[in-house]
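What the coordinates show
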Amino acid sequence: MLSSPACSPFRLPPTRGGARRRSATAAAGTITMRDRSKNRKPTQRGRYLSTEAIQAVQSLKRAALRGGSAPSAAAAVEPKLRRLLKADMVAVFRELAAQGEALLALQVFEEIRKEHWYKPRLLWYVDLVTVLASKGLRSEVDKACSYLKREQLEPDTEGFNLLLKALLDAGFTQLALDCFRLMKLWDSDPDRVTYATLIKGLESLGKMELCAGIRLEAENDYGSLDFLDEVETKEACGSSS
């Protein structure tokens, strides 16, 4: 009868040296991972500013504190602002808008419009109108919308939807309707979100007669208003996710 491998006379018992070698080999094969999260740079909410842009933002805010008004603040740092590259200048404007510096954002935007490379973008107007409207700056919102009416923009239904919401959320009813007409003029066809935004916004402000007119337009375009419930459901799902 064959003996078992453990009791085979041809098998040498393991030595302590072999055990040590196996232990060392196992230890050498163990890989340790360093926590890379310690080396990650902090995120900047989707806005990555150059050193020059950061300095310009800080200079504008300091000048505003010293000068007491946005125009005088912008004049104090205008040379620094004009030396910025296009991307940096736009980044300064959007950062000021995101920080709620409404008057400074307007001043920088007006400087951007003077640049030779300026080509209007509706989302810049959305940023500007949103921050101005959130501060209740009616005359400044009027000014921004007057600039918008003089522009020549590509069709952008989604951008107009954001603009309409910003205006209605701040209670600027007539300006919202003006932008709705402008939207059609520039071949940005209103979609279901457009009509849902207008109808719900006007209803919340108690503008029922104006809302009735928008409802009629929506029915002419879509045949019924059944889509209003669909838009509300999508918005609810989006806010809960």
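Residues numbered from 1 in each chain as written. Predicted model: local features only at pLDDT ≥ 70, side-chain atom pairs only at ≥ 80, totals over all residues. Heavy atoms only, no water.

1. A few points about the nonpolar core
Core analysis: the biggest nonpolar cluster contains 63 residues, and Val92, Ile112, Val141, Leu148, Leu163 and Leu167 have the highest contact counts within it. Tallying contributions element by element places helix 7 (residues 122-134) first for this core, with nine residues. (Core = buried A, V, L, I, M, F, W, Y, C linked by side-chain atoms within 4.5 Å. Buried < 20%, exposed > 50% of the residue type's maximum accessible area, 1.4 Å probe, protein only. Helix = DSSP H or I, 4+ residues; strand = E, 2+ residues; numbered from the N terminus.)

2. A few points about the environment of Leu106
Along the chain, the position of Leu106 falls in helix 6 (residues 102-114). The class of Leu106 is buried, set by a relative accessible area of 5%. Along the backbone, Leu106 and Ala144 are 38 residues apart, and their C-alpha atoms lie at a distance of 8.0 Å. When sequence neighbours within four positions are dropped, the list of residues in contact with Leu106 reads Leu128, Leu132, Glu140 and Lys143. (Contact = heavy atoms within 4.5 Å.)

3. Some words on the pattern of salt bridges
Taken as a whole, this structure holds 10 salt bridges when the rule is applied. Of the charged contacts in the structure, one is a salt bridge between Glu110 and Lys143, with a shortest N-O distance of 3.7 Å. In this pair, Glu110 is assigned in helix 6 and Lys143 in helix 8 (residues 138-149), connecting sequence segments 33 residues apart. (Salt bridge = Lys/Arg side-chain N within 4 Å of Asp/Glu carboxyl O.)

4. Some details on helix 8
Compared with an ideal rise of 1.5 Å per residue, which puts 12 residues at 16 Å, helix 8 spans 16 Å between its outermost C-alpha atoms and is within 8% of the ideal. Buried within helix 8 we find Glu140, Val141, Ala144, Cys145, Tyr147 and Leu148. Projection of helix 8 onto a plane perpendicular to its axis shows the buried side chains occupying an angular sector of 150 degrees, all on one side. Elements in contact with the buried residues of helix 8: helix 6, helix 7, helix 9 (157-169) and helix 10 (173-185). (Expected span 1.5 Å × (residues − 1). Arc of directions from axis to C-beta.)

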